[in-house]
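Each chain, letter by letter, is given below.
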Amino acid sequence: MRILQKRTLQRALGTAVLAVSMMGQAWAADGKLIATAGLTQVEGSGGGGIVPWATISGYDSRDQISAGATVTRVDVSDFRLSMLGASLSLYDKVELSIAQQRFEIKGAGVDIKQNIVGLKYRLYGDVVYDTWPQVSVGLQHKKLEDGDVAGAVGAKNNSSGTDFYVAATKVHLGAIAGYNAVWNLTARATKANEMGILGFGGVENNDYQVMLEASAGILFSRHLAVGLEYRQKPDNLGLGEDDWMDYFISYIPSKDFNLTLAWAKLGTIAGAPGQDGLYLSLNGQLW
Amino acid sequence: MALLAGCASTDKSLYDELGGQATVAKIVDNFIHEIEYDQVMFAYFAESDIDRFRSKLNEHLCFLADGPCAYTGDTMAQVHAGMNISEGDFNHGVDLFIAAMDKANVPHPLQNRLLAKMVPTRQDIIYL
């Protein structure tokens with residue numbers, strides 16, 4: 001009896017292991033070169049750190065799907081931003097993402113929460129193998145859960161807004177003294193103040209404006225990338241909202257995991273100048 | 001004209017920088033070794049003549065790296081016709097080729113330059 005039970009258990013376990021390993025073979029997305037899937041940016045889309053890129057966030061190729069999760073923290077003089085995100089990438093074609101941002105005003109006990117749903121569609125190209133850049137279009141729909149501060153600083157809409165963007169990204173193999181180089185250019189139509197944390201539109205402007213965002217980097221090995229980013233931002237509220245920039249270094253030990261450390265220069269936020277600080281992001285691929 | 005010729009003679013080809021025939025042969029041997037131990041890739045090679053593959057890949061890499069060789073094998077499209085190689089499997093093959101270069105101690109920048117020379121062949125390899 002006991003032996004029979006043990007055998008049944010063994011068989012069941014064997015079947016389970018086989019099923020999981022078969023699933024792994026069908027689903028384990030590793031169809032891109034390491035480091036060419038990019039990172040996850042601060043609003044949950046595949047990108048650099050603050051800029052959404054044309055890359056689809058997982059390591060899926062056109063026959064695969066993948067899913068990933070990200071946690072990011074940006075800590076500047078007077079504010080702290082935490083972001084939790086998850087994304088699903090389908091056939092290196094479509095990226096669905098969700099993210100929750102928590103923006104903390106240090107010492108004031110104020111916490112502003114924003115949820116973001118993202119959608120990206122690859123229109124053209126392969127970031128590594130085509131002559132021309134990979135081009136994608138996307139949107140980020142943002143729902144501000146705590147709109148009191150946005151209302152107080154004069155946002156026309158303190159509940160929700162949607163950004164639309166088109167992005168072009170290219171990796172050039174061996175381009176700089178044999179090292180791989182990557183660049184990205186994004187145009188974003190937006191009404192968001194400080195990404196939406198301070199609402200959408202304001203007394204100075206309440207229309208969509210097109211902002212330019214750019215990234216450039218060098219891969220010093222298959223596992224280490226350094227670069228910088230720039231993100232133009234509107235000043236709808238008349239509070240001197242500044243463009244953002246960062247210098248980043250990414251460590252990509254495997255296709256399953258990457259870690260990015262950056263120095264973020266966020267300028268004036270809500271009238272408080274000189275918001276510089278550390279950006280740390282961990283990104284894992286679940287399958 | 002003389003100036004151009006002068007330039008060409010002082011610039012080492014990628015093939016020479018790699019270390020010539022010795023290194024290329026090492027990369028190819030390592031690549032074959034990687035394939036032999038890889039389920040996905042080995043399936044594509046089950047009916048291949050490995051000796052011919054070895055000699056033609058040596059030639060092809062030499063040719064692509066601007067070495068003193070002519071490529072005498074079939075075109076990439078002919079070789080891969082009917083295999084229906086997926087993008088994912090192709091990229092997996094590139095991962096193995098990178099491993100082969102790593103094991104031949106090819107420096108990272110030279111690896112990238114060789115890969116860049118190989119990239120244009122991709123369209124004649126996948127989904128045929």
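Look above for the structure.
In what follows, the accompanying structure is described.

Quick notes on the rules
- Residues numbered from 1 in each chain as written.
- Chains lettered and ligands numbered in written order.
- Predicted model: local features only at pLDDT ≥ 70, side-chain atom pairs only at ≥ 80, totals over all residues.
- Heavy atoms only, no water.
- Salt bridge = Lys/Arg side-chain N within 4 Å of Asp/Glu carboxyl O.
- Helix = DSSP H or I, 4+ residues; strand = E, 2+ residues; numbered from the N terminus.
- Buried < 20%, exposed > 50% of the residue type's maximum accessible area, 1.4 Å probe, protein only.
- Expected span 1.5 Å × (residues − 1).
- Contact = heavy atoms within 4.5 Å.
- 1 Å grid on protein atoms, 1.4 Å probe; cavity = no way out; pocket = protein on both sides within 12 Å on 5 of 7 lines; lining within 4 Å.
- Points joined across faces, edges and corners; volume = space filled by probe spheres on them.
- Core = buried A, V, L, I, M, F, W, Y, C linked by side-chain atoms within 4.5 Å.
- Axes fitted to C-alpha atoms, helices over the stretch in contact; angles between N-to-C directions.
- Parallel < 35°, antiparallel > 145°, perpendicular 65-115°, else oblique.
- Left-handed = near helix turned anticlockwise from the far one by under 90°.
- Nonpolar A, V, L, I, M, F, W, Y, C, P; charged D, E, K, R; others polar.
- Disulfide = S-S within 2.5 Å.

Bringing the pattern of salt bridges into the picture now. The tally for this structure, following the rule as stated, stands at 28 salt bridges over all chains. A salt bridge links R188 of chain A to E43 of chain A, with the nearest nitrogen and oxygen atoms 3.2 Å apart. Taken as a pair, R188 of chain A in strand β9 (residues 179-190) and E43 of chain A in the loop between β1 (39-40) and β2 (46-47) lie far apart in primary sequence, 145 residues in all. Side by side, R188 of chain A and E43 of chain A carry an identical accessibility label, which is buried. D66 of chain B serves as the salt-bridge partner of K117 of chain B, at 2.9 Å between the closest nitrogen and oxygen. In this pair, K117 of chain B sits in helix α8 (residues 108-118) while D66 of chain B sits in the loop between α5 (50-64) and α6 (76-80), placing the two residues 51 residues apart along the sequence. One network of salt bridges, in which partners are shared, links E43, K142, D163, R188, E213 and R231 of chain A.

Moving on: helix α3 (residues 20-36) of chain B. All names here are of chain B. Given a rise of 1.5 Å per residue, 17 residues ought to cover 24 Å, and the 25 Å separating the end C-alpha atoms of α3 matches this to within 8%. Three or more residues of α3 are buried, namely G20, T23, V24, A25, I27, V28, N30, F31, I32, E34 and I35. Along its buried surface, α3 packs onto α2 (14-18), α4 (39-45), α5, α7 (87-103) and α8.

With that settled, the discussion passes to empty space enclosed by the protein. Rolled over the atoms, a probe as big as a water molecule pinpoints where empty space is left. Residues and elements named next belong to chain A. Taken as a whole and judged by the stated rule, the model has eight cavities of 30 Å³ or more. Each pocket or cavity is described by its volume, and for the largest cavity that value is around 190 Å³. Lining the largest cavity we find 21 residues, and of these A35, G38, W53, V182 and A225 sit closest to its centre. Secondary structure elements with two or more residues in the lining of the largest cavity: β8 (160-176), β10 (209-221), β11 (224-231) and β12 (244-254).

On to the nonpolar core. Formed by 73 residues in total, the largest nonpolar core has its most connected members in V74 of chain A together with I27, F31, F97, M101 and L114 of chain B. Of the residues forming this core, the biggest block, seven residues, is contributed by α7 of chain B. Setting aside residues up to four positions removed in sequence, I27 of chain B forms contacts with F97, A100, M101, A104, V106 and L114 of chain B.

Residues and elements named next belong to chain A. Phi is positive for Y91, close to 55 degrees, though the residue is something other than glycine. Mapped onto the elements, Y91 comes out in the loop between β4 (79-90) and β5 (94-105). One non-glycine residue with positive phi stands out, namely D92, at about 50 degrees. You can see D92 is positioned in the loop between β4 and β5. On the basis of relative accessibility, which here comes to 5%, the residue D92 falls in the buried class.

Right, let's talk about the packing of α3 of chain B against α7 of chain B for a bit. Residues and elements named next belong to chain B. Interaxial distance between α3 and α7 falls to 8 Å at its minimum, and their mutual angle equals 130 degrees. Taken together, the axes of α3 and α7 lie oblique to each other. Regarding α3 and α7, the two cross each other, and that crossing is right-handed. Where α3 approaches α7, its residues I27, N30, F31, E34 and I35 are matched on the opposing element by G93, L96, F97, A99, A100, M101 and K103. Residue composition of the contact of α3 with α7, by class: eight nonpolar, two polar and two charged.

Residue and element names in this part refer to chain B. Applying the stated criterion across every chain yields a total of one disulfide over all chains. A disulfide bridge connects C62 with C69, and the sulfur atoms are separated by 1.9 Å. Handedness of the C62-C69 disulfide follows from its S-S torsion of about 80 degrees: it is right-handed. A relative accessible area of 26% means that C69 is categorised as partly exposed.

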